[in-house]
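Residues per chain are reported as follows:
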Amino acid sequence: MIVAIDGPAGSGKGTVTKRIAKELGFINLDTGATYRCVALQALRSKLSIKDEEEIIKLANNIEITIDSNGNEDIIFLNGEDVSKDIRTKEVTNIVSQVSSIIPVREIMVDVQRNLAKGRNVIVEGRDITTVVFPNADLKIYLDASEEIRAKRRYSENLEKGINTTYEEVLENVKMRDYNDMHKKFGALKKAKDAIVIDSTNLKIDEVVDKIKDEIKKKI
Ligand code: DC
């Protein structure tokens, strides 16, 4: 079974999908992590965001695997655990641009489909309901106001010891929304058959329950 969830940065997709995956025994596939791996490798190779050809080559030559330790996903880039390294400010600042390079998207869509093959998965991203799994069994679009999304990301950063201000996070959320919604290929949009959930005034538990109810209806 494939449950596909799209939504903007900070809408709660990550937290919610992790919880649902754990509770229902599904694999959680965070597709943003695949683009973050490409961005991290580009930074490590000292590439400029303008070196598109080189970034495409690099995307073709990396191996991404995802495992779980029961509590959280572990992301491996060429066999190295990069779960923390892909969440830094430096990676976050360039990842949207990296994910706008069309051949990079084509390569990552293949990677994502392969990671999901033959499993019960809950997949989150921006183009999952429209491009990666247009025939998913259940499609959800999770939304929330810009301010609440920035507040959530800011609190997450504090917990992880990442040093940012609320204003910086809000600017980054706005910039990424713009980039994510204006991509030529794989832009964030609501699929016609997606169920829209606005989480601005909902607790995580409420969002989790709503989605679990929809999954149960499908089962
Ligand atoms: O969900 P996230 O913040 O980890 O995503 C990182 C970036 O990758 C984000 O700027 C949008 C992009 N992305 C994408 O273009 N398509 C996806 N399916 C998932 C993420």
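See the structure shown above.
Residues numbered from 1 in each chain as written. Predicted model: local features only at pLDDT ≥ 70, side-chain atom pairs only at ≥ 80, totals over all residues. Heavy atoms only, no water.

Undergrad: Talk me through the overall build of the protein; I want residue IDs and the actual numbers.
TA: Each helix and strand in the protein was counted, giving nine helices and eight strands. For 219 residues, the compact-globule estimate of 2.2 N^0.38 gives 17 Å, and the protein sits close to it at 16 Å. Dimensions of the protein along its principal axes, counting C-alpha atoms only, are 50 × 40 × 35 Å. With 219 residues in all, the protein has 48% of them scored as buried. (Helix = DSSP H or I, 4+ residues; strand = E, 2+ residues; numbered from the N terminus. Rg over C-alpha atoms; globule rule 2.2 N^0.38 Å. Buried < 20%, exposed > 50% of the residue type's maximum accessible area, 1.4 Å probe, protein only.)

Undergrad: Could you give an account of the sheet that holds strand 5 (residues 80-81), naming the residues involved and the relevant values?
TA: Pairing within the open sheet is antiparallel, and its three strands lie in the order 3-4-5. Looking at which strands have only one partner, the edges of the open sheet turn out to be strand 3 (64-68) and strand 5. Two strands pair when backbone bridges link them, and strand 3 and strand 4 (residues 73-77) are joined in this way by five bridges, in the antiparallel orientation. Bridge pairing in strand 4 links I66 to I75. Each of strand 3, strand 4 and strand 5 is contacted by helix 2 (residues 32-44), which is oriented at about 40 degrees to strand 4, the strand it contacts most. (Pairing = 2+ DSSP bridges. Contact = heavy atoms within 4.5 Å. Axes fitted to C-alpha atoms, helices over the stretch in contact; angles between N-to-C directions.)

Undergrad: Which residues make up the site of the ligand, and what are the values?
TA: In the region of the ligand, 17 residues are neighbours, and R36, R105, D127, R176 and K183 sit closest. One of the side-chain N or O atoms of D127 is found 2.8 Å from a nitrogen atom in the ligand. Contact with the protein chains covers 98% of the free accessible surface of the ligand, which is 450 Å². For the shell around the ligand, the secondary-structure elements that each account for two or more residues are helix 2, helix 4 (89-98) and helix 8 (166-181). (Near = heavy atom within 4 Å. Polar contact = N/O pair within 3.5 Å; in protein donor to acceptor, adjacent residues only side chain to side chain. Areas by Shrake-Rupley, 256 points an atom, 1.4 Å probe, with all protein chains shown as cover.)

Undergrad: I'd like a rundown of unusual backbone geometry, residues and numbers included.
TA: Even without a glycine there, the phi angle at K46 is positive, about 60 degrees. The residue N78 is not glycine, and still its phi comes out positive at about 45 degrees.

Undergrad: Lay out the packing of helix 2 against helix 5 (residues 102-116) with the relevant residues and their values.
TA: Look at helix 2 against helix 5: their axes get within 10 Å of each other, and the N-to-C directions meet at 130 degrees. Overall, the two elements helix 2 and helix 5 adopt an arrangement that is oblique. Considering only the axes of helix 2 and helix 5, their crossing is right-handed. Where helix 2 approaches helix 5, its residues T34, Y35 and V38 are matched on the opposing element by V104, R105, M108, V109, V111, Q112 and L115. (Parallel < 35°, antiparallel > 145°, perpendicular 65-115°, else oblique. Left-handed = near helix turned anticlockwise from the far one by under 90°.)

Undergrad: Outline the environment of N71, listing residues and values.
TA: Mapping N71 onto the fold places it in the loop between strand 3 and strand 4. Spatially, the C-alpha atom of N71 lies 8.4 Å from that of K18, the residues being 53 residues apart in sequence.

Undergrad: Which residues make up the layout of surface pockets, and what are the values?
TA: In this structure, the second largest pocket encloses a volume near 240 Å³. If you trace the second largest pocket, you find 15 residues lining it, with A21, F26, N28, S68 and D73 closest to the centre. Every element with two or more residues in the lining of the second largest pocket is listed here: helix 1 (13-24), strand 2 (27-30) and strand 3. In terms of residue count, the dominant contributor to the lining of the second largest pocket is helix 1 (four residues). Split by residue class, the lining of the second largest pocket holds four nonpolar, four polar and seven charged. (1 Å grid on protein atoms, 1.4 Å probe; cavity = no way out; pocket = protein on both sides within 12 Å on 5 of 7 lines; lining within 4 Å. Points joined across faces, edges and corners; volume = space filled by probe spheres on them. Nonpolar A, V, L, I, M, F, W, Y, C, P; charged D, E, K, R; others polar.)

Undergrad: An account of empty space enclosed by the protein is requested, with residue identities and associated values reported.
TA: Taken as a whole, this structure holds one cavity of 30 Å³ or more when the rule is applied. Taken as a whole, the largest cavity encloses approximately 30 Å³ of empty space. In this structure, the largest cavity is lined by I27, N28, L29, I66, L115 and R119. Take the lining of the largest cavity: its biggest share by element is three residues, from strand 2. Split into classes, the residues belonging to the lining of the largest cavity amount to four nonpolar, one polar and one charged.

Taken by themselves, the reported measurements are silent on function.
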